[in-house]
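# Understanding the architecture of this molecule
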Amino acid sequence: MQLEDVLKDVLVDVADHIGEGKVANYIPALAKIDPRKFGMAVVTVDGDIHVTGDAEEAFSIQSISKVFTLTLALGRVGEGLWKRVGREPSGTPFNSIVQLEQEQGIPRNPFINAGAIVVADTLLSGHQPRETLGEILSFMRYLTDDDTIIIDAEVARSEQQTGFRNAALANYMHAFSNIHNPVEKTLGVYFHQCALSMNCVQLAKAGLFLANRGLLTRGGRSVVSWERARRINALMLTCGHYDASGDFAFRVGLPGKSGVGGGILAIAPGKAAIAVWSPGLNANGNSATGTKALESLARRTGWSIFG
Ligand code: DON
């Protein structure tokens, strides 16, 4: 199988669907993105890189950042993190507040907004927001060996001005003592991590350790243990697409994490990390054509965690 050819075929498969879906507009800075963008990158565990379309154009990774902050938080506080955030799929939209009251301010999982805000709060403790953001940015640059990655301050500001739902979630969790730092500082970290600007190649490189038993490259340095990499993949599969996680597992069969910027990071364990970008979203807030492209890639490569 030649991945170069697979990607050409994937592009043919999705060509009629490019531009479908609705670009996120609740963050004003994202509303102006061209919905016809489409890019995909596959980075194999051997380090080979295959691309198609706009794979080298940066976009806002948004919720995909939650995979990397979770990785950092597990490194910082270890299994104790699970006292403050659960590991169950929520079956509710990414920004839902309904379960928080019944469950005493403990978010269902680290990938819904409430859970990721708690994760950001753990990274902030003992630091100033600038230091925590520096740590997150350094981690992304380390994983990709690419110092050009930046946080888009305009996107962060845009969300800071309109992020009333996230402010509600954070304040509500503070009332249950599950946010330990001043709410505005925790939200500042969260909005800025979401505003990381990366292209598909960088994103696939950043996720490669999850396909590679926790190692940066085959036989290379360890980012996390093999067990931890497996567990992060398990969370991506069960919670990475919110109330559409089941549908994503059914259609694609790989752990994946979406973002409202239209990106998706998918992991084929032992094979490759895949990043796709297509800004139009489906009703669940996940990339419509990005999902189709991953479905096509999984079918054509036979990559699936289900056999
Ligand atoms: O908090 C928000 O609403 C955004 N910064 C991130 C949400 C997101 O990416 C949901 N994913 N599909």
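Scoring rules and cut-offs
- Residues numbered from 1 in each chain as written.
- Predicted model: local features only at pLDDT ≥ 70, side-chain atom pairs only at ≥ 80, totals over all residues.
- Heavy atoms only, no water.
- Domains from an automatic or database assignment.
- Contact = heavy atoms within 4.5 Å.
- Buried area = accessible area lost by both parts, 1.4 Å probe.
- Phe/Tyr/Trp six-rings, centres within 6.5 Å; stacked < 30°, edge-to-face > 60°.
- Buried < 20%, exposed > 50% of the residue type's maximum accessible area, 1.4 Å probe, protein only.
- Lys NZ or Arg CZ within 6 Å of the ring centre and 35° of its normal.
- 1 Å grid on protein atoms, 1.4 Å probe; cavity = no way out; pocket = protein on both sides within 12 Å on 5 of 7 lines; lining within 4 Å.
- Points joined across faces, edges and corners; volume = space filled by probe spheres on them.
- Helix = DSSP H or I, 4+ residues; strand = E, 2+ residues; numbered from the N terminus.
- Nonpolar A, V, L, I, M, F, W, Y, C, P; charged D, E, K, R; others polar.

## Focus: the domain arrangement of the chain
Taken domain by domain, the chain comprises domain 1 (3-62 + 198-301) and domain 2 (63-194). When each unit is reduced to the centre of its C-alpha atoms, the spacing between domain 1 and domain 2 is 21 Å. Contact residues are listed per partner, giving 39 residues for domain 1 and 38 residues for domain 2. For the pairing of domain 1 and domain 2, the buried interface totals around 3,200 Å² over both sides, and the portion due to carbon and sulfur atoms is 68%. When the area that domain 1 buries against domain 2 is broken down by residue, the three leading residues are Gln62, Leu235 and Tyr242, summing to 20%.

## Comments concerning the packing of aromatic side chains
Considering all chains together, one arrives at five aromatic pairs under this definition. Pairing Tyr172 with Phe176 gives two aromatic rings, centres 5.3 Å apart and planes at 90°, and the pair type is edge-to-face. Look at Tyr190 and Phe191: their rings are 5.8 Å apart centre to centre, the planes differ by 55°, and that puts the pair in the tilted class. The pair formed by Tyr190 and Phe191 is uniform in burial state, with each residue classed as buried. One aromatic cluster in this structure is built from Tyr26, Phe94 and Tyr242. One residue, Arg213, lies across the ring of Trp226, its end atom 4.1 Å from the ring centre. Over the aromatic face of Trp226 sits the side chain of Arg230, whose NZ or CZ is 5.4 Å from the ring centroid.

## Thoughts on empty space enclosed by the protein
A water-sized probe, rolled over the atoms, reveals where empty space remains. The final tally for this structure, using the stated rule, is two cavities of 30 Å³ or more. The space that makes up the largest cavity amounts to roughly 80 Å³. Counting residues per element, the ones that place at least two in the lining of the largest cavity are α4 (98-102) and α5 (113-124). The biggest single contributor to the lining of the largest cavity is α4, with three residues. For the second largest cavity, the calculated volume is near 60 Å³. The wall of the second largest cavity is formed by Tyr26, Gln62, Ser63, Lys66, Phe94, Asn113, Glu159, Tyr190, Cys194 and Val260. Within the lining of the second largest cavity, the residues separate by chemical class into five nonpolar, three polar and two charged. When residues of the lining of the second largest cavity are assigned to domains, at least three fall in each of domain 1 (3-62 + 198-301) and domain 2 (63-194).

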